[in-house]
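Now for the letters of each chain:
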Amino acid sequence: MITENLFDTVLLDPTKKNADTLYVVSGYAAATMVSRHFESLKKAKKNVKVELIVGMAVHDGIAKKDHDGFQQLASGPYKGKFVCRYVAYSPPVHSK
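Residues numbered from 1 in each chain as written. Predicted model: local features only at pLDDT ≥ 70, side-chain atom pairs only at ≥ 80, totals over all residues. Heavy atoms only, no water.

A. The packing of aromatic side chains, seen in detail. All chains considered together, the criterion is met by four aromatic pairs. On the basis of an interplanar angle of 45° and a centroid distance of 6.2 Å, the ring pair of Phe70 and Phe82 is categorised as tilted. Taken together, the residues Phe70 in helix H4 (residues 64-75) and Phe82 in strand S3 (residues 82-86) connect sequence positions twelve residues apart. A relative accessible area of 3% means that Phe82 is categorised as buried. Taken together, Phe38, Phe70, Tyr78, Phe82 and Tyr86 form an aromatic cluster joined through their ring pairs. Above the ring of Phe7, the side-chain terminus of Arg36 is found at 4.0 Å from the ring centroid. (Phe/Tyr/Trp six-rings, centres within 6.5 Å; stacked < 30°, edge-to-face > 60°. Helix = DSSP H or I, 4+ residues; strand = E, 2+ residues; numbered from the N terminus. Buried < 20%, exposed > 50% of the residue type's maximum accessible area, 1.4 Å probe, protein only. Lys NZ or Arg CZ within 6 Å of the ring centre and 35° of its normal.)

Here it is, written out as structure tokens:
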């Protein structure tokens, strides 16, 4: 089980092996975290597409600020590089 350096190990290291798309399934997510991830990719000079599935939306919903933030990221600076989807039907996905 990976317990140290999760951000680098899970979200950045695959790009060092030439991954061009990262598929992320997470129970919860925030637009600020997505933005941080893209900034880290930019610093590493990696041009990577990120597809995010937020699994607990059916159970707990999505904060309006995060929904708006996801939309802004997908239509603005990361248009064509960021896709966000929500699990809208049971069962919820509480992945990490």
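B. Geometry of the nonpolar core. With 17 residues, the main nonpolar core has Val34, Phe38, Leu52, Phe70 and Phe82 as its most contacted residues. When residues of this core are traced back to their parent elements, those giving at least two are helix H1 (6-16), strand S1 (21-26), helix H2 (31-43), strand S2 (49-54) and H4. In contact with Val34, other than residues within four places in its own chain, are Leu52, Phe70, Leu73 and Phe82. (Core = buried A, V, L, I, M, F, W, Y, C linked by side-chain atoms within 4.5 Å. Contact = heavy atoms within 4.5 Å.)

C. Spatial organisation of H4. Compared with the 16 Å implied by 1.5 Å per residue over twelve residues, the 16 Å span of H4 between its first and last C-alpha is a close match. Residues Asp66, Gly69, Phe70 and Leu73 constitute the buried set of H4. Seen from one end, H4 has its buried residues packed into an arc of 100°, which puts them on one side. In H4, those exposed residues whose orientation departs by more than 90 degrees from the buried face are Lys64, Gln72 and Ser75. If you follow the buried residues of H4, they end up packed against H2, S2 and S3. (Expected span 1.5 Å × (residues − 1). Arc of directions from axis to C-beta.)

D. Here's a closer look at the pattern of salt bridges. For the structure shown, the criterion picks out four salt bridges. Ionic pairing is found between Lys16 and Asp13, a salt bridge with its closest N-O pair at 3.3 Å. Within this pair, Lys16 and its partner Asp13 are both found in helix H1, separated by three residues, close to a single helical turn. Note on Lys16: relative accessible area 59%, which makes it exposed. Between Asp68 and Lys64 there is a salt bridge, with the nearest N and O atoms lying 2.9 Å from each other. (Salt bridge = Lys/Arg side-chain N within 4 Å of Asp/Glu carboxyl O.)

E. The arrangement of H2 in detail. In this model H2 runs 19 Å from its N-terminal to its C-terminal C-alpha over 13 residues, within 8% of the 18 Å that 1.5 Å per residue would give. Among the residues making up H2, those that are buried are Ala31, Val34, His37, Phe38, Ser40 and Leu41. Tucked into the core, H2 has its buried residues touching H1, S1, S2, H4 and S3. Looking at the residues trailing H2, positive phi occurs at Lys45, about 60°.

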